[in-house]
Amino acid sequence: MSVLHGGAAPGPVLVERFGGEVAGSSSRADRMARSDLRFRAYRSGPLALVLDSGGQAALFDVRKDPEERNDIFGLRPDDLRRLERELGAWCAAIGLPHLDGAI
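Residues numbered from 1 in each chain as written. Predicted model: local features only at pLDDT ≥ 70, side-chain atom pairs only at ≥ 80, totals over all residues. Heavy atoms only, no water.

Undergrad: Go over the overall build of the protein chain, please, and point to the residues and values.
TA: Helix and strand counts for the protein chain stand at 2 helices and 4 strands. In sequence order, the protein chain lays out its α and β elements as β-α-β-β-β-α. Here the protein chain holds 103 residues, and 30% of them are scored as buried. Sequence-distant contacts in the protein chain: of pairs separated by 6 or more residues, those separated by 24 or more amount to 43%. Working note: accessible area of the protein chain is about 6400 Å², and carbon and sulfur atoms make up 56% of it. (Helix = DSSP H or I, 4+ residues; strand = E, 2+ residues; numbered from the N terminus. Buried < 20%, exposed > 50% of the residue type's maximum accessible area, 1.4 Å probe, protein only. Contact = heavy atoms within 4.5 Å. Areas by Shrake-Rupley, 256 points an atom, 1.4 Å probe, with all protein chains shown as cover.)

Printed below as a string of structure tokens:
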């Protein structure tokens with residue numbers, strides 16, 4: 001099983017996506033299809049944090065929910081803060097701009 005589908009990763013994974021067409025009809029898929037938003041996902045262990053340039057965030061346990069359908073954002077605040085800190089440190093270390101900043 002690949003890292004993108006819930007498989008084990010040797011370390012953290014950081015992915016960024018710019019707007020474009022995404023198949024699906026869920027509200028999340030509709031949001032991800034917007035070409036005016038940028039997305040950044042950070043996976044550490046079984047958890048994936050997804051942020052968008054519109055200021056929304058989602059948290060998923062990809063081992064239990066590899067298709068990222070059940071947002072656990074409000075259920076695990078300690079994990080959320082930890083992932084936000086880790087992602088911030090990685091972004092600073094490699095010079096990634098804020099999601100709402102200039103590209």
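Undergrad: Any chance you could break down helix α2 (residues 77–94) for me, citing the residues and the numbers?
TA: In this model α2 runs 26 Å from its N-terminal to its C-terminal C-alpha over 18 residues, within 8% of the 26 Å that 1.5 Å per residue would give. Where α2 is concerned, the buried positions are D79, L80, L83, L87 and C91. Each buried residue of α2 lies within a common arc of 100° when the element is viewed along its axis, so the set occupies one face. Across α2 from its buried face, at more than 90 degrees, point the exposed residues D78, R85, A92 and A93. The first or second residue beyond α2 is G95, which carries a positive phi of 75°. (Expected span 1.5 Å × (residues − 1). Arc of directions from axis to C-beta.)

Undergrad: How would you explain the side chain of R43 if you had to name every residue and give the values?
TA: Locating R43 in the fold gives a position in strand β2 (residues 38–44). For R43, which is buried and forms no salt bridge, the nearest opposite charge comes from E68, at a distance of 7.3 Å. Within the local environment of R43, its side chain forms a polar contact with the backbone oxygen of G45, the two atoms lying 2.8 Å apart. (Lys, Arg positive; Asp, Glu negative; His and termini not counted. Salt bridge = Lys/Arg side-chain N within 4 Å of Asp/Glu carboxyl O. Polar contact = N/O pair within 3.5 Å; in protein donor to acceptor, adjacent residues only side chain to side chain.)

Undergrad: Tell me about the pattern of salt bridges, residues and numbers included.
TA: All told, the structure shown has 6 salt bridges when counted by the stated rule. Among the salt bridges present, the one from R76 reaches D61, with a minimum N-O distance of 3.7 Å. Highlighted residues: R76 in the loop between β4 (57–61) and α2 and D61 in strand β4, separated in sequence by 15 residues. Relative accessible area serves as the criterion here: at 11%, D61 is assigned to the buried category. A salt bridge links R82 to D79, with the nearest nitrogen and oxygen atoms 3.6 Å apart. Here D79 and R82 lie together in helix α2, a separation of 3 residues that amounts to about one turn. A residue is classified by how much of its surface remains accessible, and R82, at 27% relative accessible area, is partly exposed. A cluster of three or more residues bridged by salt bridges with shared partners is formed by D61, R76, D79, R82 and E86.

By themselves, these are just geometric observations and shouldn't be taken as functional.
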